[in-house]
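Chain by chain, the residues:
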Amino acid sequence: NHDIRIAPSILSADFARLGQEVQDVITAGADWIHFDVMDNHYVPNLTIGPMVCQAIRPYTQAPIDVHLMVEPVDSLIPMFAKAGANIITFHPEASKHIDRSLALIRDHGCQAGLVFNPATSLHYLDYVMDKIDIILLMSVNPGFGGQSFIPATLDKIRATRQRIQDHQAKGGQPIRLEVDGGIKVDNIAEVYAAGADTFVAGSAIFGQKDYANVIAKMRAEIAK
Ligand code: DX5
Ligand code: ZN
C-alpha cells in the first residue's frame, strides 16, 4: 500500500549520533522522522526541542513529524517551523485555544494535527475537522518509549477512521490517521486493519541492529 507511512520515533535512537541515526533509518526504508518533544510538565519526561530539530534537519529530506507533549504549546510552534518541522501535532487539552494553535501551525507552513491520549475523548475533533491534516492516536500513555500497546485503542482507531470517512463523504480534505506507541512487527497488521495509515515505532525499530529488516517486515505484515 503506497499510502502507508512508517515514522520511526527517534526517542529510541542513539542521541549521541542522532544525525547518522536519522540518515540510517530513512535509508532503511522509513518515510518520516517522528520527533517526540517532552517538557517534564505535560508528561513526566524531558527530551529534545527546536535546536535538535534544526540540527538533524540537514541529515534528511524526509518529513519531520513533531509530536508536542508540552503545555502550553503555542510558543513552540513558530520555533519548530523555523527549525524545519513539516508536521506538528499537539494534545488538545494542553492548549487553551485549540483552533488558534491549529491555525498557527498551518500559518507557519506546516501540516497540523491533534493527538489523543488513550482516555482522551474524540469530541475535540467536532469543530476542527476542516483544520487538520492528521489525527494521532496514542496507543500508550505518553512519556516513554518501549511500553505495550493498549488494545482498547483498536476500537478508537475504527471510530476515528469512520469520522474521517464521513468527513470525506461530505467533500472534506484528506486526513491521515497515525498511531503511536507499542507498535511492533507482530501487531502492526491489526492496527492497519483497524484503519491506521501512519505508524510510529520507536523501540521496535531502533532496538534492532538491522533497521531495514524490521521496516521491510512491517510493510510485509501490512501487505498480507
Ligand atoms: C511516547 C512517544 C512515542 C514513543 C513510541 O510518549 O510519543 O512516540 O517513542 O515508542 P515505542 O514505539 O517504543 O512505543
Ligand atoms: Zn510520539
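Computed from a predicted model, the values in this text were never measured in an experiment. (Residues numbered from 1 in each chain as written. Chains lettered and ligands numbered in written order. Predicted model: local features only at pLDDT ≥ 70, side-chain atom pairs only at ≥ 80, totals over all residues.)

## Considering the overall build of the protein chain
- The secondary structure content of the protein chain amounts to eight helices and eight strands.
- Against the compact-globule benchmark of 17 Å for 224 residues, the protein chain has a radius of gyration of 16 Å, which places it among compact chains.
- Based on the C-alpha atoms only, the size of the protein chain along its principal axes is roughly 45 × 40 × 30 Å.
- Expressed as a percentage of the 224 residues in the protein chain, the buried residues total 42%.
- Look at the contacts in the protein chain between residues 6 or more apart in sequence, and 64% of them connect residues 24 or more apart. (Helix = DSSP H or I, 4+ residues; strand = E, 2+ residues; numbered from the N terminus. Rg over C-alpha atoms; globule rule 2.2 N^0.38 Å. Buried ≥ 20, exposed ≤ 12 C-beta atoms within 10 Å, placed from the backbone. Contact = placed C-beta atoms within 7 Å.)

## Section: the sheet that holds strand β5 (residues 111–116)
- The eight strands are arranged β1-β8-β7-β6-β5-β4-β3-β2 in an open sheet whose pairing can be described as parallel. Each of the sheet's edge strands pairs with one partner strand only, and the pair in question is β1 (5–8) and β2 (33–38). Strand after strand, the sheet turns through a mean of 20 degrees between neighbouring axes, direction not considered.
- As paired strands, strand β4 (residues 87–90) and β5 are joined by four bridges and run parallel to one another. Following the sheet pairing, Phe-90 is matched in β5 by Leu-114. (Pairing = 2+ DSSP bridges. Axes fitted to C-alpha atoms, helices over the stretch in contact; angles between N-to-C directions.)

## A few points about the UniProt feature "binding site: a divalent metal cation" (unreviewed entry) in the protein chain
- UniProt's feature table lists "binding site: a divalent metal cation" (unreviewed entry) at His-34, Asp-36, His-67 and Asp-180, given in the numbering used throughout. Spatially, the listed residues are clustered: although they cover 147 residues, their C-alpha atoms lie within 10.6 Å of one another.
- Note that His-34 resides in strand β2.
- By the C-beta count within 10 Å, which is 27 here, His-34 ends up buried.
- Aside from chain neighbours lying at most four places away, what touches His-34 is Ala-7, Pro-8, Ser-9, Ile-10, Asp-65, His-67 and Val-200.
- With respect to the helices, strands and loops of the structure, Asp-180 is situated in strand β7 (residues 176–180). (UniProt positions renumbered as here; feature names shortened; annotations may be inferred.)

## Things to note about the pairing of strand β3 (residues 64–69)
- The buried count for β3 comes to six of six residues, which makes it a mostly enclosed element.
- Of the two faces of β3, the one carrying Ile-64, Val-66 and Leu-68 and the one carrying Asp-65, His-67 and Met-69 are both buried.
- Of the strand pairs in this sheet, β2 and β3 are connected by six bridges, and their pairing is parallel. Residue pairing across strands places Ile-33 opposite Ile-64, the latter belonging to β3.
- The β-α-β motif built from β2, the intervening helix α2 (residues 50–56) and the parallel element β3 has right-handed crossover chirality.
- Here β3 runs beside β4; their pairing, made up of four bridges, is parallel. From the neighbouring strand, Asp-65 faces β4, where its bridge partner is Ile-87.
- Traced from β3 through helix α3 (residues 76–82) to β4, the parallel crossover comes out right-handed. (Right-handed = clockwise from strand over helix to strand, strands pointing away.)

## A few points about the site of ligand 1
- The environment of ligand 1 is formed by 21 residues, the closest being Ser-9, Pro-142, Gly-145, Gly-202 and Ser-203.
- Class assignment for the residues of the shell around ligand 1 results in seven nonpolar, 12 polar and two charged. (Near = placed C-beta within 6 Å. Nonpolar A, V, L, I, M, F, W, Y, C, P; charged D, E, K, R; others polar.)

## Quick look at the nonpolar core
- Counting 69 residues, the largest nonpolar core has Val-66, Leu-68, Phe-80, Ala-85, Ile-88 and Phe-199 as the members making the most contacts within it.
- With five residues, strand β6 (residues 134–138) is the single largest residue contributor to this core.
- Sequence-distant contacts of Phe-80, that is, excluding residues within four places in its chain, are made with Pro-50, Cys-53, Val-66, Ala-85 and Ile-88. (Core = buried A, V, L, I, M, F, W, Y, C linked by C-beta atoms within 7 Å.)

## Quick word on the UniProt feature "active site" (unreviewed entry) in the protein chain
- On the UniProt side, "active site" (unreviewed entry) is annotated at positions that read Asp-36 and Asp-180 here. Sequence-wise these annotated residues cover 145 residues; spatially they are packed, their C-alpha atoms never more than 10.6 Å apart.
- For Asp-36, a count of 24 C-beta atoms within 10 Å corresponds to the buried category.
- Those residues in contact with Asp-180 that sit more than four places away from it in its chain are His-67, Leu-136, Met-138, Ser-139 and Val-200.

## A word on the environment of Tyr-127
- Summarising the element assignment, Tyr-127 is placed in the loop between β5 and β6.
- A tally of 10 C-beta atoms within 10 Å means that Tyr-127 is categorised as exposed.
- Spatially, the C-alpha atoms of Tyr-127 and Ala-81 are 24 Å apart, while their sequence positions differ by 46 residues.

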